[in-house]
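# An overview of the molecular structure
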Amino acid sequence: MKKKWILLLLSLPLFVCMNCKEVEGDKKNQPPAEEENPITVLSATVPLADPYILVHDGLYYIYGTNVGNGFDVYYSKDLEFWERASALSLSHTNSYGESMFWAPEVYYVEKEKKFYMFYSTEEHICVATSDSPLGPFKQDEHKPIREEKGIDTSVFFDDNGKAYLYFVRFSDGNVIWCAELKDNLREIKEETLVQCFKAEDPWELILPKVVEGPSVFKQNGVYYLVYSANGYTSQDYAVGFATSDSPLGPWKKYEGNPVLHKCEGLVGVGHGAPFVDKEGKMRYVFHAHKSETEIHPRNSYIVDMSVKDGVISLGGNLVRPMVVDKLPVDK
């Protein structure tokens, strides 16, 4: 008999037998089967806000907001079980800021064989690099991309090789802006800086005047900008999208927004990012409040994502990523 044992350390120890399967044939002369890689579940969900998932070399890496002086990183083989790396992926000792580290996103740049982390610290946007998705990420110079305050960075790499930085400026509440990045990916072309849009629709104005957490992808020649609206403390924090024929806009918001709101009993859902899993399926990772009565710690969740006739759908097959002491060993 093949077994996986999971020890849940949430209240009282609980043992669960998963994927049990009888082996046919005479087993009298076989040695006793060993327990297959016992797993200790340390947390029922990954405790990250503003999550982002990188898929690289057969593993998933999740980054997000959760500590005051840097970023944790967890990795997984299957999106269900996640192991926390032993060290921060980025520490304040290797960055411009000392605190308020928010919303990291990591991209692998093939031509340089390097990983780029875009993030904000002390309300300034920064970029650091590493040779590994686990880090350590370091800034060559401890300075922000721009002197002006900004948060919630996300990068889109277009088919023509150009890269665009999407981020939030505090110009009329939280407003989403975009600019083309220079080839070094550490500076923007200031002459291309353009406003994408601000909070104007009724669903975006329930709590402070906020649109934030942008992510952009392209499908069939159409650019999709996925974003969140309302302050993150609101239970009505939610996700919408807009479309454009150009990475710089103009953008048209979907009339049916929001497309993710109070999902499967979760409240305060938003500030996530789309990704394509190892099977080629679109997914969306996002955070939600701890409960209906508590905001922190916010936790990460994953749902299916699809695009049909120009409309994004989010929801279904909710995954609650679990933190384990050690990932199961492949047999």
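Placed above this text is the structure.
Note that the coordinates shown come from a computational prediction; the quantities given were computed from them, not determined experimentally. (Residues numbered from 1 in each chain as written. Predicted model: local features only at pLDDT ≥ 70, side-chain atom pairs only at ≥ 80, totals over all residues. Heavy atoms only, no water.)

### Topic: the pattern of salt bridges
How we decide: Basic side-chain nitrogens of Lys or Arg form a salt bridge, by our definition, when they fall within 4 Å of a carboxyl oxygen of Asp or Glu.
Evaluation of the coordinates by the stated rule reveals 20 salt bridges. Glu110 is the salt-bridge partner of Lys113, the closest N and O atoms lying 2.2 Å from each other. Glu187 serves as the salt-bridge partner of Lys182, at 3.9 Å between the closest nitrogen and oxygen. Within the structure, one salt-bridge network assembled from shared partners comprises Arg146, Glu148, Arg169 and Glu190.

### Brief notes about the sheet that holds strand 11 (residues 114-121)
The condition that has to hold: Criterion used throughout: strands pair if DSSP finds at least two bridges between them. Counting from the N terminus, the helices are the DSSP runs of H or I reaching at least four residues and the strands are the DSSP runs of E reaching at least two. Think of each axis as a best-fit line through the C-alpha atoms, taken over the contacting stretch in the case of a helix, with angles from 0 to 180 degrees between the N-to-C directions.
The sheet built from three strands is open, its strands ordered 10-11-12 with antiparallel pairing. Edge positions in the sheet fall to strand 10 (101-109) and strand 12 (124-130), since each has one partner strand and no second. On average, each strand axis in the sheet is inclined to that of its neighbour by 20°, with strand direction left out of account. Across seven bridges, the pairing between strand 10 and strand 11 is antiparallel. Along strand 11, the bridge assignment pairs Trp102 with Ser120.

### Regarding the packing of aromatic side chains
The condition is simple: Aromatic pairs are defined between Phe, Tyr and Trp rings, using the six-membered ring for Trp, whenever the two ring centres lie within 6.5 Å; interplanar angles under 30 degrees are classed as stacked, those over 60 as edge-to-face, and all others as tilted. Accessible area is worked out with a 1.4 Å probe on protein chains only. A residue is then buried under 20% of its type maximum, exposed over 50%, and partly exposed in between.
Counting across every chain of the model gives 17 aromatic pairs. Arranged with centres 6.0 Å apart and planes meeting at 70°, the rings of Tyr107 and Phe118 form a pair that is edge-to-face. With Tyr107 in strand 10 and Phe118 in strand 11, the pair connects residues that are 11 residues apart, well separated along the chain. For the pair Tyr107 and Phe118, one class covers both residues: buried. Taking the centre distance of 5.7 Å and the plane angle of 65° together, the rings of Tyr107 and Phe157 count as edge-to-face. Linking Tyr107 in strand 10 with Phe157 in strand 13 (residues 151-157), this pair joins segments that are 50 residues apart in sequence. Residue classification places Tyr107 among the buried residues on the basis of a relative accessible area of 8%. A relative accessible area of 36% places Phe157 in the partly exposed class.

### Re the side chain of Thr153
Cut-off, in case you're wondering: In this analysis, two residues are considered to be in contact whenever any of their non-hydrogen atoms come within 4.5 Å of each other.
For Thr153, the location among the structural elements is in strand 13. Its relative accessible area of 2% is what places Thr153 among the buried residues. Setting aside residues no more than four positions away along its own chain, Thr153 makes contact with Ala103, Glu105, Phe118, Tyr119, Ile125, Leu165, Tyr166 and Phe167.

### Thoughts on the sheet that holds strand 17 (residues 211-219)
Spatially, four strands are ordered 17-18-19-20 in an open sheet, and the strand pairing comes out antiparallel. Every interior strand has two partners, whereas the edge strands, strand 17 and strand 20 (252-253), have only one. Direction of pairing for strand 19 (residues 238-244) relative to strand 20: antiparallel, over a ladder of two bridges. In the sheet register, Thr243 faces strand 20, and the bridge partner there is Lys252.

### Some details on the state of the cysteines
This is how the line gets drawn: In plain terms, two cysteine sulfur atoms within 2.5 Å form what is called a disulfide here.
In total, this model carries zero disulfides according to the counting rule given. Between Cys178, a free cysteine, and Cys196, which holds the nearest cysteine sulfur, the sulfur-to-sulfur gap is 5.1 Å. Here Cys178 falls in the buried class, since its relative accessible area comes to 0%.

### Points about the pairing of strand 13
Judged by how many residues are buried, strand 13 sits mostly within the fold: six of seven residues are covered. Relative to strand 14 (residues 163-169), strand 13 runs antiparallel, the two sharing five bridges. Residue pairing across strands places Phe156 opposite Tyr164, the latter belonging to strand 14. Adjacent in sequence and paired antiparallel, strand 13 and strand 14 are bridged by five residues, among which Gly161 carries a positive phi angle near 90°.

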